Amino acid sequence: MSRRQRDNSKNDKTARTGAGTPLVWTGIREFETKSVSMEDMINSETVGLVDREQLARLRDEFLAKRQVEGQGSSRNDSEATMSGSDGASDRDAKPAKTLNKKRGVQVSKLSFADGDEEAGQQVHEIKAKSTEVKQMVKKRRKVDPTVDTSFLTTKENEQWMSQQQEDLQNELLRQQEQSREEKVDLQFCYFDGTYVPGKVTVKKGDQIWVMLDRTRKGKKELHRGTVDDIIFVKDNIIIPHHYDFHYFIVKKVKTKAGPLFDFENPNEDIKRTKVVHRTWYEKNKHIYPASIWQEFDPDVDYTKLVLRDSQGFVLYQQ
């Protein structure tokens, strides 16, 4: 057999077996357009977070677009298959079907979309549990209406009591201020061993020095001096100048003779209230009655005071 005859025989054998026949899809993927996933498309169409409605709209648009592309791809694949060799065997066409199936429309799932649905469901469950807890708390708060709960302290009761205390305090201050402005007549005597009656008008809130300054006008010997040259004695108690009358009224200071200042008693003995020149007192403080005078002490109970002389003998009980 010649060389030419051997080559012809070989070509006939190749044609019968199908060996060497090129496949229909060889080189197709080199020109295939890169598929775009739903996540890539949404990321390119949006900036930042999107709501659920916008996400659903974008997903529908993507599915519609992919469906159109899938139909076009299937039509192109059919034409390519029909243009191929009619002598291709069923074994050669099987990879084309498999490839066509792989190139079908694939719907990519967005992980954050599912996360939103799960988060929404979790929020709904949390709200439902919170509602149940509130209902349980309300049931527990129900009390027996027959039980006396007046002794319990609530926030409303505390606020009410605080407001009541503040109102009472303000009312007391108002009454005290009104009492301090009240004018009264004070009867007294200029004492220098004798009793010379006198009278001045003062306010209950005036200090002792204010009263003494006014008494200077009623006695000639006191005109030249100042209030520091005068002392005020009430029931054998020397009252300092900085005290006011209202203090003794509020504190209810008493002696054995009664309230230290009783402006409601017009018949009070004027000898209980003395205005004395300090010079006379310094000269006669060792002689009775100046010997038993003592300065006011707010810590002393004068209703139980026992007066004694320098040797400890009881003079008399006031």
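Colleague: Before we move on, can you summarise the overall build of the protein with the specific residues and values?
Modeller: Of regular secondary structure, the protein possesses 9 helices and 10 strands. Within the protein, the proportion of its 318 residues that are buried is 25%. At a minimum sequence separation of 6, the contacts of the protein that also span at least 24 residues come to 61%. About 24000 Å² of surface is accessible on the protein, with carbon and sulfur atoms providing 50% of the total.

Colleague: Give me the pattern of salt bridges: which residues, what numbers.
Modeller: Evaluation of the coordinates by the stated rule reveals 13 salt bridges. Close ionic contact of Glu61 with Arg57 constitutes a salt bridge, the shortest N to O distance being 3.1 Å. A residue pair is termed a helical-turn pair when its members lie 3 or 4 positions apart in one helix, as Glu61 and Arg57 do in helix α3 (residues 52-82) at 4 residues. A salt bridge links Arg174 to Glu171, with the nearest nitrogen and oxygen atoms 2.5 Å apart. Here Arg174 pairs with Glu171, and both are found in helix α6 (residues 155-180), just 3 residues apart, close to one helical turn. Overall, the relative accessible area of 44% leaves Arg174 in the partly exposed class. Residue class for Glu171 comes out partly exposed when judged on its relative accessible area of 32%.

Colleague: Now, about helix α7 (residues 208-215): what can you tell me, with residues and values included?
Modeller: Buried within α7 we find Ile208, Val210, Met211, Leu212 and Thr215. Taken together, the buried residues of α7 touch β1 (183-191), β2 (195-203), β3 (230-234), β4 (237-239), α8 (245-250) and β7 (273-277).

Colleague: I'd like a rundown of the packing of aromatic side chains, residues and numbers included.
Modeller: Within this structure, the stated rule accounts for 17 aromatic pairs. Ring geometry for Phe248 versus Phe261: centroids 5.5 Å apart, planes at 50°, classification tilted. Of this pair, Phe248 sits in helix α8 while Phe261 is found in the loop between β6 (258-259) and β7, placing the two residues 13 residues apart along the sequence. In terms of burial, Phe248 and Phe261 fall into one category: buried. Seen from their ring centres, Trp280 and Trp293 are 6.5 Å apart, and the 40° between their planes marks the pair as tilted. Within this pair, whereas Trp280 is found in helix α9 (residues 278-284), its partner Trp293 is found in the loop between α9 and β8 (294-295), the two being separated by 13 residues in sequence.

Colleague: Report on the sheet that holds β7, specifying residues and quantitative values.
Modeller: Here 6 strands make up an open sheet; going across it, the order is β2-β1-β7-β3-β4-β8 and the pairing mixed. Of all strands in the sheet, those bounded by a partner on one side alone are β2 and β8. Of the strand pairs in this sheet, β1 and β7 are connected by 2 bridges, and their pairing is parallel. When the sheet's bridge partners are listed, Cys189 is paired in β7 with Lys274.

Colleague: Outline the nonpolar core, listing residues and values.
Modeller: The biggest cluster of nonpolar side chains holds 36 residues, and the ones touching the most others in it are Ile239 and Trp293. Where this core is concerned, the elements lending two or more residues are β1, β2, α7, β3, β4, α8 and β7. At 5 residues, β1 tops the list of elements feeding residues into this core. Contacts of Ile239, omitting those with residues within four sequence positions, involve Ile208, Phe232, Lys234, Phe248, Leu260, Phe261 and Phe296.

Colleague: Talk me through unusual backbone geometry; I want residue IDs and the actual numbers.
Modeller: Trans is the prevailing form of peptide bonds, just as negative phi is the prevailing case for residues other than glycine. Across the junction of Tyr288 and Pro289, the peptide omega takes the value 10°, indicating a cis bond. Relative to the helices and strands, Pro289 resides in the loop between α9 and β8. For Asp235, which is not glycine, the phi torsion reads 50° and is therefore positive. Residue position: Asp235 is located in the loop between β3 and β4. Note on Asp235: relative accessible area 6%, which makes it buried. With phi around 65°, Asn236 is a residue other than glycine that occupies positive phi space. Here Asn236 lies in the loop between β3 and β4. Among the residues examined, Asn236 registers a relative accessible area of 10% and is labelled buried.

Procedures and definitions
- Residue numbers here run from 1 along each chain, matching the order of that chain's written sequence.
- Under the rules for a predicted model, residues below a pLDDT of 70 receive no local features and side-chain atom pairs below 80 are neither given nor counted, while totals for whole chains, interfaces and linings still include all residues.
- As a convention, hydrogens and water are excluded, and side-chain values are obtained from all of the structure's heavy atoms.
- Comment: elements are numbered from the N terminus, with helices defined as DSSP H or I runs of at least four residues and strands as E runs of at least two.
- Note on classification: 1.4 Å probe, protein chains only; a residue is buried when its accessible area is under 20% of the maximum for its type, exposed when over 50%, partly exposed between these limits.
- Here a residue-residue contact requires only that any non-hydrogen atoms of the pair lie within 4.5 Å.
- Residue-level accessible areas treat just the shown protein chains as cover; the underlying method is Shrake-Rupley with a 1.4 Å probe.
- Salt bridges are defined as contacts in which a side-chain nitrogen from Lys or Arg sits within 4 Å of a carboxyl oxygen from Asp or Glu.
- Two aromatic rings from Phe, Tyr or Trp, using only the six-membered ring of Trp, form a pair when their centres are within 6.5 Å; if the ring planes differ by under 30 degrees the pair is stacked, by over 60 it is edge-to-face, and anything between is tilted.
- A pair of strands counts as paired when DSSP detects no fewer than two bridges linking them.
- Here, nonpolar core means buried Ala, Val, Leu, Ile, Met, Phe, Trp, Tyr and Cys residues that are tied together by side-chain atoms lying within 4.5 Å of each other.

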